[in-house]
Amino acid sequence: MATEPETPEAALAVESEVPSLVDHYFTCWCKADVKRKPWEDHCILQHSNWSLVDKNESFSAYAKQINLITQTSKWRSTPSVSCYLKICVITLAGCHPVLQSGKAVKSISYQISTNCSRLQNKVSGKFKQRAQFLTELAPLCNIYCSDGEEYTMSSCVRGQLMEVNESILHKPPILQEKPSTEGYTAVVLPKFEESKRKTEGLLTQKLYEEVVVKRINASTATS
């Protein structure tokens, strides 16, 4: 089982280790202090290159081809149509409180309101009909920890919800043990016309690391 980072500094060091398959195939973008909540940072893993997908194949086949973490995807598409995709996988950033030592995730819920559940998301057809549309601040799920703390994960990018990760409902610790792989939260497909500007407001990995260092220095100075 993976060892959780004990401090934000340790989490930052872990993210700087030898590149993984995820690092190879995806570009990491970060959103710091989501909804102005300190340290509640999210990571957006964006596929690094424009990829032509033959819609005769299921998205799960495409996922396996590029080693995407959502290998159990059930997305289906209309035959004989091709399109360009730049999918985004939403995960926790390494410095998020949920990933710090001492935290234990009790449960996770995709029921974001009385009338809306991300589990009810259904995707079909060429234009991904019936897929829930997400704004940057749209909630994806709620995380409940054993210490009574609650955290909400947001989309961070505008687009259609392609998939949520039901595995974390049955095995909540995966969210902490493998946050950027099996513990991902959701997969979002930005609108084609917005694809080139969907990273506005997001930080590159380098800029995010600088933000974390400034936080740590500020915290040390005031302690």
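Since the structure is predicted, the reported quantities are computational estimates derived from the model, not experimental observations.

1. Observations regarding the sheet that holds strand 6 (residues 105-109)
In spatial order, the strands read 6-10-11; together these three strands make up an open sheet with antiparallel pairing. Each edge of the sheet is formed by a strand with only one pairing partner; in this case those strands are strand 6 and strand 11 (150-154). The average angle at which neighbouring strand axes cross in this sheet is 20°, direction not considered. Relative to strand 10 (residues 139-145), strand 6 runs antiparallel, the two sharing four bridges. Its bridge partner being in strand 10, S107 is matched across the sheet by Y144.

2. Focus: the pairing of strand 1 (residues 26-31)
Across six bridges, the pairing between strand 1 and strand 2 (residues 42-47) is antiparallel. Within strand 2, the position partnered with K31 by the bridge is H42. Note that strand 1 and strand 14 (residues 203-204) share two bridges and pair antiparallel. Bridging across to strand 14, W29 finds its partner in T204.

3. Structural notes on the side chain of Q132
Mapped onto the secondary structure, Q132 falls in the loop between strand 8 (116-117) and strand 9 (133-134). Discounting residues that sit within four places of it in the chain, Q132 has contacts with C116, S117, R118, Q120, N121, G159, Q160 and L161.

4. Considerations on the pattern of salt bridges
When their charged atoms lie close together, side chains carrying opposite charge are able to pair. In the structure shown here, the tally under the stated rule is four salt bridges. Between R215 and D33 there is a salt bridge; the shortest N-O distance is 2.6 Å. Placement of R215 in helix 6 (residues 205-222) and of D33 in the loop between strand 1 and strand 2 is noted, with a sequence separation of 182 residues between them. You can call R215 buried: its relative accessible area is 13%. On the basis of relative accessibility, which here comes to 30%, the residue D33 falls in the partly exposed class. Its salt-bridge partner being E182, residue K178 comes within 3.8 Å of it at the nearest N-O pair. Relative accessible area serves as the criterion here: at 40%, K178 is assigned to the partly exposed category. For E182, a relative accessible area of 39% gives the class partly exposed. Linked through salt bridges whose partners overlap, the residues forming this network are D33, D41 and R215.

Each value, and the rule that gives it
- Residues numbered from 1 in each chain as written.
- Predicted model: local features only at pLDDT ≥ 70, side-chain atom pairs only at ≥ 80, totals over all residues.
- Heavy atoms only, no water.
- Pairing = 2+ DSSP bridges.
- Helix = DSSP H or I, 4+ residues; strand = E, 2+ residues; numbered from the N terminus.
- Axes fitted to C-alpha atoms, helices over the stretch in contact; angles between N-to-C directions.
- Contact = heavy atoms within 4.5 Å.
- Salt bridge = Lys/Arg side-chain N within 4 Å of Asp/Glu carboxyl O.
- Buried < 20%, exposed > 50% of the residue type's maximum accessible area, 1.4 Å probe, protein only.

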